[in-house]
Amino acid sequence: MYGLQMVRGLLVTLKNLRRKPFTVQYPEERLPQHPRFRGEEFVWYEERCTGCASCAKYCPLGIIKIVTSPSGAALPQGEKYKLEVFDIDISRCMFCGLCVEACPYDALFMGSGFEQSRYSRLGLVIPVKQLREAEKRPSTWFRPQLEGTAYNPHQGQPLDWKQVGRESWRWHQREKAGMRLAPDSEGDEKSPQPPFAKGGLDGSSTGGAP
Ligand code: SF4
Ligand code: SF4
């Protein structure tokens, strides 16, 4: 009886011997990531950010720290605030994406990377300088305007702030709280699609605007 069970076990081993493994030899090989993959480094566009701190308020773990101060700019139209601190402690982040959902100006996106390992937990706090300088490859998660253009952050080019909003960037430039700049002479408020809506950002065909 015992021998029979051993033979059965060996048969399972033999059956799987020639099967292609599901795992890969990381880091030599990497599995392809979905464009909506919620990466860990976050993509932040300062040009779009008002410092409203909605992202920080909605974060259930309270790991986004924002400090603003009056900049003294655009006083007649309403004060424009200067961002001094915008830190995200990704060592405690659960990548729920609520901060991205809460951002009313499409200024914050999940990132597309997954290799932020550090020797110290302190190294896992992303400071505003790093957010400013990071390559902008936003995940398309919760951003249908990017998904609709078949943008793939793992293959396409980085995007600047004018390319990632639900409204045209000129609309945003005019309406953003505290940044009511002079109306643009070209004016495109009637065409709210992002500038890439007619062509895939990675060169592929598009699925149309959402
Ligand atoms: S993804 Fe979730 S846990 Fe992480 S910073 Fe955003 S709201 Fe907080
Ligand atoms: S919610 Fe958006 S606009 Fe407001 S502070 Fe956060 S990133 Fe900036």
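Presented here is a report on the structure given in the accompanying data block. Just so you know, the residues in each chain are numbered from 1, in the order the chain's sequence is written. Chain labels run from A onward and ligand labels from 1 onward, assigned in the order the entries are written. In keeping with the predicted nature of the model, local features appear solely for residues at pLDDT of at least 70, side-chain atom pairs appear and are counted solely at 80 or more, and the whole-chain, interface and lining totals rest on all residues. Just so you know, side-chain values use all the structure's heavy atoms and leave hydrogens and water out.

The subject of this paragraph is the environment of Arg48. Under the DSSP-based scheme used, a helix requires at least four consecutive residues in state H or I and a strand at least two consecutive residues in state E, with every element numbered from the N terminus. Mapped onto the elements, Arg48 comes out in the loop between strand S1 (39–44) and helix H2 (54–58). In this structure the C-alpha to C-alpha distance between Arg48 and Val164, which are 116 residues apart in sequence, comes to 9.7 Å. Reaching out from Arg48, the side chain makes a polar contact with the backbone oxygen of Tyr105 at a distance of 3.0 Å. Whenever two N or O atoms come within 3.5 Å, that pair is a polar contact, provided that in protein one can donate a hydrogen and the other can accept it, and provided that, for residues adjacent in sequence, both atoms are side-chain atoms.

Strands are labelled as partners when DSSP assigns at least two bridges between them. Pairing is antiparallel across the open sheet formed by 3 strands, whose spatial order is S2-S3-S5. Each of the sheet's edge strands pairs with one partner strand only, and the pair in question is strand S2 (64–73) and strand S5 (125–126). Where strand S3 (residues 80–89) and S5 come together, 2 bridges link them in antiparallel fashion. Looking at the pairing, Asp89 lines up with Val125 of S5.

Residues enter a nonpolar core if they are buried and are Ala, Val, Leu, Ile, Met, Phe, Trp, Tyr or Cys, with the set joined through side-chain atoms within 4.5 Å. Only protein chains enter the accessibility calculation, which uses a 1.4 Å probe; a residue is then buried when its area is under 20% of its type maximum, exposed when over 50%, and partly exposed in between. Residues Phe42, Trp44, Ile64, Ile66, Phe86 and Leu108 are the most contacted members of the largest nonpolar core, which totals 26 residues. Only S1, H2, S2, S3, helix H3 (98–102), strand S4 (108–111) and helix H4 (128–133) provide two or more residues apiece to this core. For this core, the leading source of residues is S3, giving 3 residues. Counting residues in each nonpolar core, the second largest holds 9 residues, with Tyr151, Leu159, Val164 and Trp169 among its members.

Our next topic: the environment of Glu84. In this fold, Glu84 is placed in strand S3. When its relative accessible area of 41% is taken as the criterion, Glu84 is described as partly exposed. The spacing of Glu84 and Val128 is 44 residues in sequence and 7.9 Å in space, taken between C-alpha atoms. Filtering out sequence-adjacent residues up to four positions away, Glu84 remains in contact with Val67, Thr68, Ser69 and Val128. A polar contact of 2.6 Å, which involves the side chain of Glu84, links it to the side chain of Ser69. Only heavy atoms matter for contacts: two residues are in contact if any of them lie within 4.5 Å across the pair.

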